[in-house]
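Commentary on secondary and tertiary structure
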Amino acid sequence: MFYREAGDFKTSYRDDNQTFPIRLDRAGYWIALFVAFCVIPFFVNDYWVNSIFAPFFIYAIAALGLNILTGYAGQVSLGTGGFMAVGAYACYKLMVAFPDINIVFHVLIAGGITAAVGVAFGLPSLRIKGFYLAVATLAAQFFLVWLFNKVAWFYNYSASGQINAPERSVFGIVVTGPNTEAWAKYMICLVFLVGVAWMARNLTRGMTGRKWMGIRDMDIAAEIIGVNPLMAKMSAFAVSSFFVGIAGALFFAVYLGAAEAGESFGITKSFLVLFMVIIGGLGSIFGSFAGAAFMVLMPVLLKNVLVGTMGWPTEIAAELEFIIVGGLIVIFLILEPHGLAQLWRLTKEKLRLWPFPH
Amino acid sequence: MTTDMNADSYVTEDGRTIGPVVMDLKNITLRFGGVVAIKDISFDIREGEIRAIIGPNGAGKSSMLNVISGFYKPQEGEVWFRGSKRPPMRPYQVARQGLARTFQNIALFEGMTVLDNIMTGRLNKMNANLFQQAIWKGKAEREELENREACEKVIDFLEIQHIRKTPVGRLPYGLKKRVELARALAAEPSLLLLDEPMAGMNVEEKEDMSRFILDMNDEFGTTIALIEHDMGVVMDLSDRVVVMDYGKKIGDGTPDEVRNNQDVIDAYLGVSHD
């Protein structure tokens, strides 16, 4: 009844182009931002940040990155874990080599390095498509993890083969290392997430996004009307890897604090992010958030319900968790193959007419 | 009134000015392995005219269009565009020179809205870099709004305002054909290639499409080369017609000349071999 565009007249193309054309959506967006920036930081504790907010924000960044490549540009990738490792190790080397430079720059440069690596591994996409490309990116995943395990220079010859994040601060506030306060961890992840989501939205609504979607929907037609397939695919790999690299750098430096390539950035990570993108909705910014939230929150919720409320033993609950999450994924995909984003879209269409059926 | 069609430019009976040659195809031969799809064909397309390519199935018409749009590379022959010989180039580079086309089986981007499809047609008019687009300030936003306005003109012209924000996948066939035309027209091409724009349409839709093609030519002065099977439409619309059969050119001239050409009549109606 309240959720509709009636009476909200657009008088310029700028108004018509905005991300949230419906007033209630716009209000919801600003309220969500306000709560995220001005309310939650005062209440978060270690448990909430470490088990919910930090992984959710970081995986949402990674999912946004993969969604640009797979959802928008149509290039299937199974190398997300490997590219996250590039971001993490690049960030580690930079943090150690240039301790005086602000960590924010380290994370951004780590993203840039990942973008270059992503472009290099994306080159086969000019010749191969679909499942075959997926296999090629799988090679990237295994090669990168092997590289970071074998070449000791990457982990600075440490005896354990691990990389450990030294303590670094932004504006005098410690954001990495064991002395980090919960709200600082929360804030730095949130700032990066909002920045990445904003850029992803701008890129996908402009000409770059149209070129990507053109390549995805019909590559030959796209080339004939003037899309340079090399530039379109490489820009998709670059932007996607940039975001994934940022996610990897934050995952290591802020969230984990210590990492080892095979364990933290293995093939399971690639699949996890791919699941998020598919469950959330391919080719949707909102879907990246929804998918990340689903995959991060569902296990936590199940654990709390099974162990906390129903009092089951932890080991049984942990096993059941896998079964239930797996089952839910299958059910969701049968009910709505286009993901949570499509479900949300349909709900909004219904809401616009409510309480009338047509 | 006699018109000298060899002159640099002339005025047609309905008052349109036909200019000099835009596209000149010289002795094009295209082979796929042992199959000769196009054999030593030459013809030209003049500025402002509607040029039809007709012929029975398998005559090589679509292959010809693919040669013009750079998708196929002919083994022999030269393509001259606006007075200079075209070097070998990729299709997207040809598009940048001012060629736009539609496809026999619609090649729209199904997952995008009508507006986004049409905006994609203008991609050669927009050159904000990746960073400007990422922050959506300055050039990126300005270009987006300017080109949106140009697209809205095309949308008005083709009368598809009501489906602007609809995903193309949901549209019926006739409208998809129109959206594809809009995407090509949005590029403001100096030569527009239409591959069977009226295939699979009913009489009413054909009339609409014919009107759009004539209006396009009349209002924007767009040069059009089209392939079509409906003889009535071809004869009514076009200024000059090329007739192909088995990869060879068997006729070239005004609709009246072609209609009375014995080779053309034989190709279409068959000839008794005795």
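As the structure is a prediction and not an experimental result, all values here were calculated from the model.

1. Looking at the overall build of chain A
Per the secondary structure count, chain A includes 15 helices and 4 strands. Its C-alpha atoms give chain A a radius of gyration of 21 Å, within 12% of the compact-globule value 21 Å for 358 residues. Considering only C-alpha atoms, chain A reaches an extent of 65 × 60 × 45 Å along its principal axes. Within chain A, contacts between residues at least 6 apart in sequence are counted, and of these 75% link residues at least 24 apart.

2. Some words on the overall build of chain B
Helix and strand counts for chain B come out as 10 helices and 12 strands. Compactness check: chain B gives a C-alpha radius of gyration of 20 Å against a globular reference of 19 Å for 274 residues, within 12% of the reference. Expressed as lengths along the three principal axes of its C-alpha atoms, the size of chain B is roughly 75 × 40 × 40 Å. Residue burial in chain B is summarised as follows: out of 274 residues, 42% are buried. Put simply, 66% of the contacts in chain B that link residues at least 6 apart link residues at least 24 apart.

3. Regarding the UniProt feature "transmembrane region" (unreviewed entry) in chain A
Residue and element names in this part refer to chain A. The UniProt entry lists residues 27-44, 50-69, 101-123, 130-148, 183-200, 237-259, 271-296 and 316-335 under the feature "transmembrane region" (unreviewed entry), expressed in the numbering used here. Counting secondary structure, residues 50-69 comes out at 100% helix and 0% strand; the distance between its end C-alpha atoms is 28 Å. Along residues 316-335, the helical share is 100% and the strand share 0%, with 28 Å between the first and last C-alpha atoms.

4. As for helix H12 (residues 267-280) of chain A
All names here are of chain A. Between its terminal C-alpha atoms H12 stretches 20 Å, which fits the 20 Å expected from 14 residues at 1.5 Å a residue. Within H12 the residues assigned to the buried category are Lys-269, Ser-270, Val-273, Leu-274, Met-276, Val-277, Ile-278, Ile-279 and Gly-280. Among the structural elements, helix H3 (46-72), helix H4 (80-97), helix H6 (130-150), helix H13 (285-309), helix H14 (314-335) and helix H15 (339-353) are those in contact with the buried residues of H12. Positive backbone phi, at 130 degrees, marks Gly-281, one or two positions downstream of H12.

5. Side note on the packing of H4(A) against helix H10 (residues 229-256) of chain A
Residues and elements named next belong to chain A. For the pair H4 and H10, the least separation of the axes is 7 Å and the interaxial angle reads 60 degrees. By the criterion of interaxial angle, the relationship of H4 to H10 is oblique. Regarding H4 and H10, the two cross each other, and that crossing is right-handed. Contacts from Thr-80, Phe-83, Met-84, Ala-85, Val-86, Gly-87, Ala-88, Cys-91, Tyr-92 and Met-95 in H4 reach Ser-241, Val-244, Gly-245, Ile-246, Ala-247, Gly-248, Ala-249, Phe-251, Phe-252 and Ala-253 in H10. Its residues placed into classes, the contact of H4 with H10 shows 15 nonpolar, 5 polar and no charged.

6. Points about the sheet that holds strand E9 (residues 191-195) of chain B
All names here are of chain B. Taking strand neighbours across the sheet as the criterion, the 6 strands line up as E8-E9-E10-E5-E11-E12 in an open arrangement whose pairing is mixed. The sheet terminates laterally at strand E8 (99-101) and strand E12 (248-253), the two strands that pair on one side only. Direction aside, the axes of adjacent strands within the sheet are offset by 15 degrees on average. Here E9 pairs with strand E10 (residues 224-227) via 4 bridges, running parallel. Bridged to Leu-193 within E10 is Ala-225. Contacting strand E11 (240-245) and E12, helix H10 (residues 262-269) runs over the sheet at an angle of about 125 degrees to E12.

7. Structural notes on the pairing of E10(B)
Residue and element names in this part refer to chain B. Side-chain alternation along E10 places Ile-224 and Leu-226 on one buried face and Ala-225 and Ile-227 on a second face that is also buried. Where strand E5 (residues 50-54) meets E10, 4 bridges bridge the pair, whose relative direction is parallel. Along E10, the bridge assignment pairs Ile-53 with Ile-227. Once you follow E9 into helix H7 (residues 203-220) and on to E10, the crossover reads as right-handed.

8. Focus: the nonpolar core
Across soluble globular proteins, nonpolar side chains have a tendency to be buried as a group. All names here are of chain A. Counting 172 residues, the largest nonpolar core has Ile-58, Tyr-59, Ile-61, Ala-88, Cys-91, Leu-250 and Phe-252 as the members making the most contacts within it. The greatest single-element share of this core, amounting to 18 residues, is contributed by H10. Excluding anything up to four places from it in sequence, Leu-250 contacts Ile-58, Val-107, Cys-189, Phe-192 and Tyr-255.

9. Here we look at H6(A)
All names here are of chain A. Given a rise of 1.5 Å per residue, 21 residues ought to cover 30 Å, and the 30 Å separating the end C-alpha atoms of H6 matches this to within 8%. Among the residues of H6, Leu-133, Ala-136, Thr-137, Ala-140, Gln-141, Leu-144, Val-145 and Phe-148 are the ones counted as buried. Buried residues along H6 sit against H4, helix H5 (103-122), helix H11 (261-264) and H12.

10. Considerations on the interface of chain B and chain A
The interface is formed by 32 residues belonging to chain B together with 25 residues belonging to chain A. Of all the secondary-structure elements, those providing two or more residues to the side of chain B that touches chain A are helix H2 (91-96), E8, helix H3 (114-120), helix H4 (130-135) and helix H5 (139-157) of chain B. Sorting elements by how many residues they give to the side of chain B that touches chain A places H5(B) first, with 5 residues. Of the residues that constitute the side of chain B that touches chain A, the class distribution is 18 nonpolar, 6 polar and 8 charged.

11. So, the sheet that holds strand E7 (residues 84-85) of chain B
Residue and element names in this part refer to chain B. On the basis of which strands lie adjacent, the open sheet formed by 4 strands has the order E4-E3-E6-E7 and antiparallel pairing. Edge positions in the open sheet fall to strand E4 (35-46) and E7, since each of these has one partner strand only. Note: strand E6 (residues 76-81) against E7, 2 bridges, orientation antiparallel. By the bridge assignment for E7, Phe-81 is matched with Ser-84.

12. What about unusual backbone geometry?
Look at the link from A:Trp354 to A:Pro355: it is a cis peptide, with omega at 10 degrees. Secondary-structure assignment places A:Pro355 in the segment after H15. Unlike most non-glycine residues, A:Phe171 shows phi in positive territory, near 50 degrees. By the element assignment, A:Phe171 lies in the loop between strand E2 (169-170) and strand E3 (173-174). Within the chain, B:Asn27 stands out as a residue other than glycine whose phi angle is a positive 50 degrees.

13. A look at the confidence of the model for chain A
When pLDDT is averaged along chain A, the result is 91, and 99% of the positions lie at 70 or above. The least confident element of chain A, judged by mean pLDDT, is helix H1 (residues 13-17) of chain A at 82; the most confident is H5(A) at 96.

14. Focus: the packing of H12(A) against H13(A)
All names here are of chain A. Look at H12 against H13: their axes get within 7 Å of each other, and the N-to-C directions meet at 120 degrees. The angle between H12 and H13 falls in the class oblique. The hand of the H12/H13 crossing is right-handed. Across the interface between the two elements, Leu-272, Phe-275, Met-276, Val-277, Ile-279 and Gly-280 of H12 pack against Gly-287, Ser-288, Ala-290, Gly-291, Ala-292, Phe-294 and Met-295 of H13.

15. Focus: the pairing of E5(B)
All names here are of chain B. With 5 of 5 residues buried, E5 lies mostly within the body of the structure. Burial along E5 is two-sided: Ile-50, Ala-52 and Ile-54 and Arg-51 and Ile-53, pointing in opposite directions, are all buried. Bridge analysis of E5 against E11 gives 4 bridges, and the strand direction is parallel. Each residue of the ladder has a partner; that of Ile-53, found in E11, is Val-242.

Rules and cut-offs
Residues numbered from 1 in each chain as written. Chains lettered and ligands numbered in written order. Predicted model: local features only at pLDDT ≥ 70, side-chain atom pairs only at ≥ 80, totals over all residues. Helix = DSSP H or I, 4+ residues; strand = E, 2+ residues; numbered from the N terminus. Rg over C-alpha atoms; globule rule 2.2 N^0.38 Å. Contact = placed C-beta atoms within 7 Å. Buried ≥ 20, exposed ≤ 12 C-beta atoms within 10 Å, placed from the backbone. UniProt positions renumbered as here; feature names shortened; annotations may be inferred. Expected span 1.5 Å × (residues − 1). Axes fitted to C-alpha atoms, helices over the stretch in contact; angles between N-to-C directions. Parallel < 35°, antiparallel > 145°, perpendicular 65-115°, else oblique. Left-handed = near helix turned anticlockwise from the far one by under 90°. Nonpolar A, V, L, I, M, F, W, Y, C, P; charged D, E, K, R; others polar. Pairing = 2+ DSSP bridges. Right-handed = clockwise from strand over helix to strand, strands pointing away. Core = buried A, V, L, I, M, F, W, Y, C linked by C-beta atoms within 7 Å. pLDDT = per-residue confidence, 0-100.

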